[in-house]
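Take a look at the letters that make up each chain.
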Amino acid sequence: VSIRRARAQVKRLNQNLAGLGFGNISGIQVTLHPEERMEKVLRALRDGPAQGLLFQEDMPLDVALKTLFERYADGRTGGERILDYREYLRLQVEIQRTGSTVWEIANPTHLSTGEAIGVGAALMMVVLAEWEQDANLLRAKRHGGPLRFLFLDEANRLSEDNLGVLFDLCQVLDLQLLIAAPEVARAEGNTTYRLVRRPDANGREEVVISGRRTRV
């Protein structure tokens, strides 16, 4: 049941990621794959030989789980992980390059800095939105919504086009984004703030904040 629920959540993540692209990346998706070594534990329990370990009167349950893990999952420690459904799944972020139909693993060593920041920011936004939706699912009445405010610092490698995609995503997910990036002043759909430190009439330092919004 937990795995089926997790698959449904990942499906919703991919729906929010549909159509997003950064730089040479035209698509982003999250996939779920079964963890092979944990599948070995399930097969051993299903086929019978491992079941006897769980019902030996002279073996505590924690020792039985540890033995199962060592014997069938090639692990030295962590028998309690057999009871955690997350150990049976492997999350994988995949990207699709422009002009290609192949989905490849999002390996940081194969991405530019701007692409890596863009993919990470997009995933962060949709995961937080899904987390919030899941938390509010069983609430009978909401007296007020969350702030829905995200921060992204030192995004120096994001181009003007990359920022535009981030701003569009924030609008779709109803999120506010505070981002520090040199290209933000030329991007559309945002308010650019400038901070200047200067001494006041009494010699004390003050920070003057001014903002401007680009009109489309």
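Residues numbered from 1 in each chain as written. Predicted model: local features only at pLDDT ≥ 70, side-chain atom pairs only at ≥ 80, totals over all residues. Heavy atoms only, no water.

With respect to the layout of surface pockets
Put simply, the largest pocket is a space of about 630 Å³. In terms of lining residues, the largest pocket is bounded by 22 residues, among which Phe167, Leu177, Gly189, Asn190 and Thr191 are the most central. Elements represented by at least two residues in the lining of the largest pocket include exactly α5 (160–173), β5 (176–179) and β6 (191–199). Of all the elements, α5 adds the most residues to the lining of the largest pocket, at five residues. Its residues assigned to classes, the lining of the largest pocket comprises 12 nonpolar, seven polar and three charged. Here the second largest pocket is characterised by a volume of approximately 420 Å³. (1 Å grid on protein atoms, 1.4 Å probe; cavity = no way out; pocket = protein on both sides within 12 Å on 5 of 7 lines; lining within 4 Å. Points joined across faces, edges and corners; volume = space filled by probe spheres on them. Helix = DSSP H or I, 4+ residues; strand = E, 2+ residues; numbered from the N terminus. Nonpolar A, V, L, I, M, F, W, Y, C, P; charged D, E, K, R; others polar.)

Notes on the pattern of salt bridges
Considering all chains together, one arrives at five salt bridges under this definition. Close ionic contact of glutamate 104 with arginine 97 constitutes a salt bridge, the shortest N to O distance being 4.0 Å. With relative accessibility at 15%, the residue arginine 97 sits in the buried group. The salt bridge involving aspartate 200 is made with arginine 204; its shortest N-O contact spans 3.6 Å. According to the relative accessible area criterion, aspartate 200 is partly exposed, its value standing at 22%. (Salt bridge = Lys/Arg side-chain N within 4 Å of Asp/Glu carboxyl O. Buried < 20%, exposed > 50% of the residue type's maximum accessible area, 1.4 Å probe, protein only.)

Considerations on the side chain of glutamine 29
Mapping glutamine 29 onto the fold places it in strand β1 (residues 25–34). A distance of 2.6 Å separates polar atoms of two side chains, one belonging to glutamine 29 and the other to glutamate 94. Excluding residues that lie within four positions of it along the chain, glutamine 29 makes contacts with Asn14, Leu17, Gln92, Val93, Glu94 and Trp103. (Polar contact = N/O pair within 3.5 Å; in protein donor to acceptor, adjacent residues only side chain to side chain. Contact = heavy atoms within 4.5 Å.)

A closer look at the nonpolar core
Counting 36 residues, the largest nonpolar core has Leu166, Leu177 and Ile179 as its most contacted members. Those elements that provide at least two residues to this core are α1 (2–17), β1, β2 (89–97), α4 (113–135), β4 (149–152), α5 and β5. Leaving out residues up to four positions away in the same chain, isoleucine 179 has contacts with Leu152, Ala155, Leu158, Leu163, Leu166, Phe167 and Val184. Residues Ala44, Leu53, Tyr72 and Ala73 belong to the second largest nonpolar core, which totals 12 residues. (Core = buried A, V, L, I, M, F, W, Y, C linked by side-chain atoms within 4.5 Å.)

Quick word on helix α3 (residues 61–72)
With 12 residues, α3 should cover 16 Å at 1.5 Å per step; its first-to-last C-alpha distance of 16 Å lies within 8% of that length. For α3, every residue scored as buried is listed here: Ala64, Leu65, Thr67, Leu68, Phe69 and Tyr72. Buried-residue contacts for α3 involve α2 (36–47). One or two residues past the end of α3 sits aspartate 74, with phi positive at roughly 55°. (Expected span 1.5 Å × (residues − 1).)

What about a nonpolar patch on the surface?
Together, Tyr193, Leu195, Val207 and Ile209 make up a nonpolar patch on the protein surface, roughly 430 Å² of accessible area in all. For the nonpolar patch, the secondary-structure elements that each account for two or more residues are β6 and β7 (205–213). Within the secondary structure, leucine 195 sits in strand β6. (Patch = residues over 30% accessible without salt bridge, like charges linked within 9 Å, V, L, I, M, F, W, Y side chains within 5 Å. Areas by Shrake-Rupley, 256 points an atom, 1.4 Å probe, with all protein chains shown as cover.)

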